[in-house]
Amino acid sequence: MPKSILILSNKSSGSSALQRLLAQAVNLNCIEKTRHFENESLYWTKAASLLGLPQQDMLDSEVPIPQGAARQDLIQLLTDNLPEGTLPQGLKGDDTIDGVEITHAQARNSWVFEGWQCLCEHYGPVFLEKSPHHLLQWSSLSLIVECMAQLEGQVDFLLIGLVRNPMDTMYSAFRRWKTPPEKLQYEWLKAYTNLHQLAKQLGEYTGAGSTGRVVIVRYEDLVNSLAPLTPVFCFCGVQPGDNARTLNRQSLLKWQQDRYFGFSLAPEVVALAQSYGYTPDELTNVSWRFWPLYRDVSRKLYQSLRWLKALYLRLFKIGR
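Scope of this entry: the structure provided in the associated data block. Everything numeric here is computed off the predicted structure, so don't read it as measured data.

**Focus: the side chain of Gln55**
Step number 1: Inspection of the secondary structure puts Gln55 in the loop between α2 (43-50) and α3 (67-81).
Step number 2: The class of Gln55 is buried, set by a relative accessible area of 17%.
Step number 3: Of the polar contacts made by the side chain of Gln55, one reaches the side chain of Thr45; its length is 2.2 Å.
Step number 4: Side chain to side chain, Gln55 and Ser49 meet in a polar contact 2.7 Å long.
Step number 5: Those residues within four positions of Gln55 in sequence are excluded, and the remaining contacts are Thr45, Ala48, Ser49, Val63, Pro64, Gln137, Ser139 and Ser140.

**Some thoughts on α2**
Step number 1: Counting buried positions along α2 gives 8 out of 8 residues, so the element sits mostly inside the fold.
Step number 2: Within α2 the residues assigned to the buried category are Tyr43, Trp44, Thr45, Lys46, Ala47, Ala48, Ser49 and Leu50.

**Quick word on the packing of aromatic side chains**
Step number 1: Under the counting rule described, the total for this entry stands at 20 aromatic pairs.
Step number 2: Between Phe261 and Trp291 the ring centres are 5.2 Å apart and the planes differ by 70°, which places this aromatic pair in the edge-to-face class. Taken together, the positions of Phe261 in the loop between α9 (230-236) and α10 (267-275) and Trp291 in helix α12 (residues 291-319) put the pair 30 residues apart, joining distant regions of the chain. For the pair formed by Phe261 and Trp291, the shared burial category is buried.
Step number 3: One cation-aromatic arrangement involves Lys11 over Trp177; the distance from NZ or CZ to the ring centre is 5.1 Å.

**Let's talk about the pattern of salt bridges**
Step number 1: Under the defined criterion, the tally for this structure stands at 11 salt bridges.
Step number 2: Note that Lys3 is salt-bridged to Asp156, the shortest N-O span being 3.4 Å. Of this pair, Lys3 sits in strand β1 (residues 3-8) while Asp156 sits in strand β6 (residues 156-163), placing them 153 residues apart in sequence. Considered together, Lys3 and Asp156 belong to a single accessibility category, that of buried residues.
Step number 3: Arg295 is paired through a salt bridge with Asp296; the nearest N and O atoms lie 2.9 Å apart.
Step number 4: By relative accessible area, which is 16% here, Arg295 ends up buried.
Step number 5: Among the residues examined, Asp296 registers a relative accessible area of 41% and is labelled partly exposed.
Step number 6: If you follow the salt bridges from partner to partner, you end up with Arg35, Lys46, Glu62 and Asp73 in one network.

Cut-offs used in this document
- Residues numbered from 1 in each chain as written.
- Predicted model: local features only at pLDDT ≥ 70, side-chain atom pairs only at ≥ 80, totals over all residues.
- Heavy atoms only, no water.
- Helix = DSSP H or I, 4+ residues; strand = E, 2+ residues; numbered from the N terminus.
- Buried < 20%, exposed > 50% of the residue type's maximum accessible area, 1.4 Å probe, protein only.
- Polar contact = N/O pair within 3.5 Å; in protein donor to acceptor, adjacent residues only side chain to side chain.
- Contact = heavy atoms within 4.5 Å.
- Phe/Tyr/Trp six-rings, centres within 6.5 Å; stacked < 30°, edge-to-face > 60°.
- Lys NZ or Arg CZ within 6 Å of the ring centre and 35° of its normal.
- Salt bridge = Lys/Arg side-chain N within 4 Å of Asp/Glu carboxyl O.

Below, the structure written as C-alpha cells:
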C-alpha cells in the first residue's frame, strides 16, 4: 500500500530542510512538475479553492488562488505528473468528468481524492508533500482528513506538524520578504492552533500499532538528534544510518544578534509557543524605538525593487 506523508508548517519553518533530512533515510518521492518552488504543489489549498471553501488570505502569497485558476492548476498538475493511463477516471482536458463540467461539489470531491490517490501510487512507495500553506487553512486540513477517511485501506497517511520558534520564523520571513512580523505572527498563531486541533482530532502517531496519524516535531530538536523523527521512520519501515545528518544549529536564534530587529511577540502568541515547549528566554526580544520606521522603510524598498525587477523582465521579454 502506498504511503502519503504531508509536512504541515508555517512559512520559513524549515520544511524544505526537513524534506532533505528525510530523503537521506527514506525512499521517498516528491512531485516532479509544478509551477511552484521546492517540490510544492499547493494541492490542498487549490482543492479548497476548487470546491469554493473559505480560506484566509496569506501574506506574501497568491493563496487563496481563484477557483478557476485552481481548477486549471490541478488539472495541469495531474496531467503533467501522471502517465496517461493512470489519470483519474473521467478526467478530460476540457474540465469535465465523464463529459460533465466539473461544477458539482460531490463529483469534484471524488475527483480531487482520486487524483491524490493516483499521485500516491505513481510516486510510491512514499509520496511526500510539504507545504507552508495548508496548516493555516482549516478548509484544506478538513479535505485532507476527509481524503484519509475515503482512501482508508488504499493509501496510508501520516501528517508531520513541523513547529519552529515563532521569533525565528518571523525573523526569517522578514529577512527574505520583509514581511511585517506584527501581521505574520497571527498566521503563526492560527496555523499552530490548527495543529493542536488536528492532533486532537486524529491523535498523535507514536509508532507501529499506533492509531494516531499526526507527528509533531520541533525544528530546534532536530538540530541535536533525529530521535523526534523515530515515529516517521517507523511509519516508513526504515532506520536512519549512522551518518545521517541533523539540521544546522547556526539557523537558531539569529534574531538575537540583529540589534535592528526590534519586534516583540504578542502575549497570545507567546502563550501558544510555550505550549509547544519554548521558554520565555527563547521568545523575548529587546525592543528598539526605531523598529517601526526600519520595518516600514525596508518593506517599501523591497516592494519597489520587486516591481522594478518585474518591469525589467517584462520589457526584456518584449524586447526579445
